[in-house]
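# Geometric and topological summary
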Amino acid sequence: MPPPADIVKVAIEWPGAFPKLMEIDQKKPLSAIIKEVCDGWSLSNHEYYALQHADGSNFYITEKNRNEIKNGTILRLTTSPAQNALQLHERIQSSSMDAKLEALKDLAGYSRDVTFAQEFINLDGISLLTQMVESGTDFGDMLSFTLTAFVELMDHGIVSWDTFSVAFIKKIASYVNKFATDIAILQRSLAILESMVLNSHDLYHKVAQEITIGQLIPHLQGSDQEIQTYTTAVINALFLKAPDDKRQEMANILAQKQLRSIILHHVIRAQRAINNEMAHQLYVLQVLTFNLLEDRMMTKMDPQDQAQRDIIFELRRIAFDAELEPNNSSGNVEKRKSMYTRDYKKLGFINHVNPAMDFTQTPPGMLALDNMLYFAKHHQDAYIRIVLENSSREDKHECPFGRSSIELTKLLCEILKVGELPSETGNDFHPMFFTHDRSFEEFFCICIQLLNKTWKEMRATSEDFNKVMQVVKEQIMRALTTKPSSLDQFKSKLQNLSYAEILKIRQSERMNQEDFQSRPILELKEKIQPEILELIKQQRLNRLVEGTCFRKLNSRRRQDKFWYCRLSPNHKVFHYGDLEESPQGEVPHDSLQDKLPVADIKAVLTGKDCPHMKEKGALKQNKEVLELAFSILHDSNGHLDFIAPDKHEYCVWTDGLNALLGKDMMSELTRNDLDTLLSMEIKLRLLDLENIQIPDAPPPIPKEPSNYDFVYDCN
């Protein structure tokens, strides 16, 4: 007899018959099991049949996924993927409109299964669907389900995007250009265009010829956030794949169409929460916009270029209001050179004789000079005040405007990661950068004034330059983490982060990390640490009981494929299952069809060790996705694969799973929580000892008395 671990007890349904209870031997070939089931109902031609999950997901049981079958699973005997694909291929060509519609509905559902998709594609099904679209005879629900099936089939990555005709692209683009288009058709058309642009260099050019930014913009002005998300994704895709020499041209078009203003008012400031996918698309747009600065950032100044040198002359003129003397005699030339050298020193350049040499380092290259000129022209009073204030100081505490501007520009490029491609999972966009057409320059203007203010507060000299830059970076980073909604609000946040305040914050953090290192405090920490860890463990398990919605991530980042997983309240079973859309709250256990007993879990894998990160795919080498991936290995050599929505959820789940398995919680989140809670608990316990010096060592034990005749005698 086969061992019990290889036997799975299931129920199998067949239309018009009572469900059959049977034991499946996982060591037997699947074809033999299907034959046994067919023989039980006297069905011939068992090769025309297959097993399927009976939960409505339409996923077939194959040799590859059969280990996922658990005791108590309900299966359904149905036609094989090949037969089903053949039947649907014929049904969608029916002359009856009702029959054709029902067939397309079924096709859209079945196409989610890769086994069926392969069979349908082998019948040249993709070509059939594209011909139906190109013919233009279908509309409404018929067209909607046709496009849905097409998107599902293409998502499996079996067919190359390069195979599609211009006629098909024109038809899809026409659905986007028609403003009265059905929402479902519009959504799928936008998704198809995005995939074409991202997955094919040739199709990018064809799509760019058929769809314009002006035709996409109106879809951002509607109230449907899903359509806004898909529209932004198409714009980002066109932006990302545009040739280098066309990218600035496209940025100019986006500016002309007031894309930034439309997104600010219709998306960011709309009276609704921004979902994760929309946040990701806004983050991508922010990154791509700032990446336009890369060319100037990596361009060295040519000291012989008169136009570039004129910018430096303009900075000097605005600051000191001086004109060139018309007399070109040799004496005046020498005098003028001496005057220029003096003024360039006042402007804070390192090279007083030829300041152009200061801009030969990349980064920040010419971008620093662009920022300085913008500041001088658009914030002239502040510029003149900073330059004159520092040029008149004789106590070696002057803040060099030129050097500061160059280093600050370099710092801002590092903070905003100018020149780096957007990550697959990033959603860290800043609303304030959508409030101004020249947001980077305005960002610089605020920060250069902050630098000058911090320099004075620190009473710094040239030797302290790097220290000042470290403080300024900390001030900027702390203000950015609050996600200010406007540049003015960002400026206000910086006002509250003076050098004195930064010192207080640093002192407080040092106290948490270093000051409580005396022996009595360490012993107290050691005593209370187990109860703090138990508290963290309970919090992690409670979060697993609440559950999390995970997205099925692929190269197109579609947002409409989700699954949910949660732990039962008794911590014995994981319940999970697919969802049609992202849930607004907790998902009940009874709506999740699949189960995984905690007792069956053998190990938890993370990162590149996960089975789904070893499979071939577009996400395999993506660093951000690798950092969010984890898998549960369970009995029968099965595995449940996750990609966490963010780093916080990744830490919560890996901690919770390790806690269930009796292992240590090793995440960065646990370390931070432990440090925070330990610090708070120690401070609470030491409140009564405020201003009392705690000795590093316990007091010495006194010598024994010469006798013990000091007990009080009551007589």
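Figured I'd write up the structure that's included with this text. (Residues numbered from 1 in each chain as written. Predicted model: local features only at pLDDT ≥ 70, side-chain atom pairs only at ≥ 80, totals over all residues. Heavy atoms only, no water.)

Turning next to the packing of aromatic side chains. A full pass over the atoms with the stated rule returns 33 aromatic pairs. A centroid spacing of 6.1 Å and a plane angle of 80° characterise the contact between Y344 and F349, whose relative ring orientation is edge-to-face. Judged on exposure class, the residue Y344 and its partner F349 are both buried. When the ring centre of W41 is taken as reference, the NZ or CZ atom of K20 above it lies at 4.9 Å. When the ring centre of F465 is taken as reference, the NZ or CZ atom of R403 above it lies at 3.8 Å. (Phe/Tyr/Trp six-rings, centres within 6.5 Å; stacked < 30°, edge-to-face > 60°. Buried < 20%, exposed > 50% of the residue type's maximum accessible area, 1.4 Å probe, protein only. Lys NZ or Arg CZ within 6 Å of the ring centre and 35° of its normal.)

In a beta sheet, neighbouring strands pair by backbone hydrogen bonds and run either parallel or antiparallel. Taken together, four strands build an open sheet; the order of strands is β2-β1-β4-β3 and the sheet is mixed. Two strands lie at the open edges of the sheet, namely β2 (20-25) and β3 (49-53), each paired on one side alone. Across the sheet, the axes of successive neighbouring strands diverge by a mean angle of 45°, strand direction being ignored. Note that strand β1 (residues 7-13) and strand β4 (residues 74-79) share three bridges and pair parallel. Note that in β4 the partner of I12 across the bridge is L75. (Pairing = 2+ DSSP bridges. Helix = DSSP H or I, 4+ residues; strand = E, 2+ residues; numbered from the N terminus. Axes fitted to C-alpha atoms, helices over the stretch in contact; angles between N-to-C directions.)

Below, the discussion takes up the packing of helix α2 (residues 81-91) against helix α3 (residues 97-110). Relative to each other, α2 and α3 sit at 145°, their axes nearing to 9 Å. You can see that α2 and α3 cross each other, and the crossing is left-handed. Residues N84, L88 and R91 of α2 lie in contact with α3, whose contacting residues are A99, K100, E102, A103, D106, L107 and Y110. Taken together, the residues that form the contact of α2 with α3 break down as five nonpolar, one polar and four charged. (Left-handed = near helix turned anticlockwise from the far one by under 90°. Contact = heavy atoms within 4.5 Å. Nonpolar A, V, L, I, M, F, W, Y, C, P; charged D, E, K, R; others polar.)

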